[in-house]
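Okay, here's what each chain looks like letter by letter:
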Amino acid sequence: HRACVRFFLHLTIRSCPARPPYPKASEKRLNMRGIDSLNVNVETKKILLICNSDGALAVFRGPLIKALVRAGNEVVTLCPRSTYFGALKAMGARTIEVELSRHSVSAFSNLVFLCSLIVIIQRERPDVVHSFTHKAVIFGSFAARLVGVKTIVATVTGLGSLFVGSKSWRQILRRVLVWQYRLL
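First things first, this report covers the structure right here in the doc. Nothing here was measured: the structure is a model prediction, and the numbers come from that model.

1. Quick look at the packing of helix α5 (residues 107-124) against helix α6 (residues 134-147)
Angle between the axes and distance between the axes are the two parameters that describe a pair of packed helices. α6 packs onto α5 with a crossing angle of 50° between their chain directions and a minimal axis gap of 9 Å. The orientation of α5 with respect to α6, classified from their angle, is oblique. Note that α5 runs across α6; the crossing there is right-handed. The segment α5 lies against α6, with Asn110, Phe113, Leu114, Leu117, Ile118, Ile121 and Gln122 engaging Lys135, Phe139, Gly140, Phe142, Ala143, Ala144, Leu146 and Val147. Residue composition of the contact of α5 with α6, by class: eleven nonpolar, three polar and one charged.

2. Describing the packing of aromatic side chains
With the rule as written, the count across this model stands at one aromatic pair. Both rings, one in phenylalanine 113 and one in phenylalanine 139, keep their centres 5.8 Å apart while their planes meet at 80°; by these two values the pair is edge-to-face. Here the residue phenylalanine 113 occupies a position in helix α5, and phenylalanine 139 occupies one in helix α6, the gap between them amounting to 26 residues. With relative accessibility at 2%, the residue phenylalanine 113 sits in the buried group. Looking at phenylalanine 139, the relative accessible area reads 15%, which means it is buried.

Calculation criteria
- Along each chain, residue indices are assigned from 1 in the same order as the chain's sequence is written.
- Only residues with pLDDT of 70 or above have their local features reported here, since the model is predicted, and side-chain atom pairs are shown and tallied only from 80 upward, although totals for entire chains, interfaces and linings are computed over all residues.
- Derived side-chain values reflect all non-hydrogen atoms in the structure, with water molecules and hydrogen atoms excluded from consideration.
- Geometry is summarised by axes, namely lines fitted to C-alpha atoms with helices restricted to the contacting stretch, and by angles between N-to-C directions that run from 0 to 180 degrees.
- A run of DSSP states H or I qualifies as a helix once it reaches four residues; a run of E qualifies as a strand once it reaches two. Both are numbered from the N-terminal end.
- Each angle receives one of four descriptions, namely roughly parallel if under 35 degrees, roughly antiparallel if over 145, roughly perpendicular if within 65 to 115, and oblique otherwise.
- Put simply, a crossing is left-handed when the front helix is turned counterclockwise from the back one by less than a right angle, and right-handed when it is turned clockwise.
- Here a residue-residue contact requires only that any non-hydrogen atoms of the pair lie within 4.5 Å.
- Each residue receives one of three labels: charged for Asp, Glu, Lys and Arg, nonpolar for Ala, Val, Leu, Ile, Met, Phe, Trp, Tyr, Cys and Pro, and polar for the others, Gly being one of them.
- Between rings of Phe, Tyr and Trp, where Trp is taken as its six-membered ring, a pair exists when centres lie within 6.5 Å; planes separated by under 30 degrees are stacked, by over 60 edge-to-face, and by other angles tilted.
- The buried label applies to any residue whose accessible area, calculated with a 1.4 Å probe on protein chains only, is under 20% of its type's maximum; exposed applies above 50%, and partly exposed to all values in between.

Following this line, the structure appears as structure tokens:
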């Protein structure tokens, strides 16, 4: 057993390239101003952000929105209206209100949401669709794919309330949700 471990360690050490020496402190020339100081011609894009609440976009995605706007991109947010619409506009994003019930499993309301997403995405013609939260990711990605958007980004930053608890209806919905993610 020890001989095998030594042999594999020997192979690993021999197969790893030698690490280049670190530059001296005097040789380091770092630009501390970041990407804003680069003079690069970058094509601006129209980016559509879809979320289940304007508060989540403003609070958790605010730095992303500000950076995208600062880089010259047109940012459009698509979410239900509450108290954060003004904050999103102040960041430089254009806001579009959409009806979305976070916890509804009604086939009719989900179909209405999907149809409204398709219409809005066709009208806006974004270069990128970036969706956050479970329902927005599933329906937003599906609608963007149907419309023909080339770049689709999905970000889910938690399990959500569906994964808390062990009731049988939650287990069924969990399986449906995981199946939908696999389709994407």
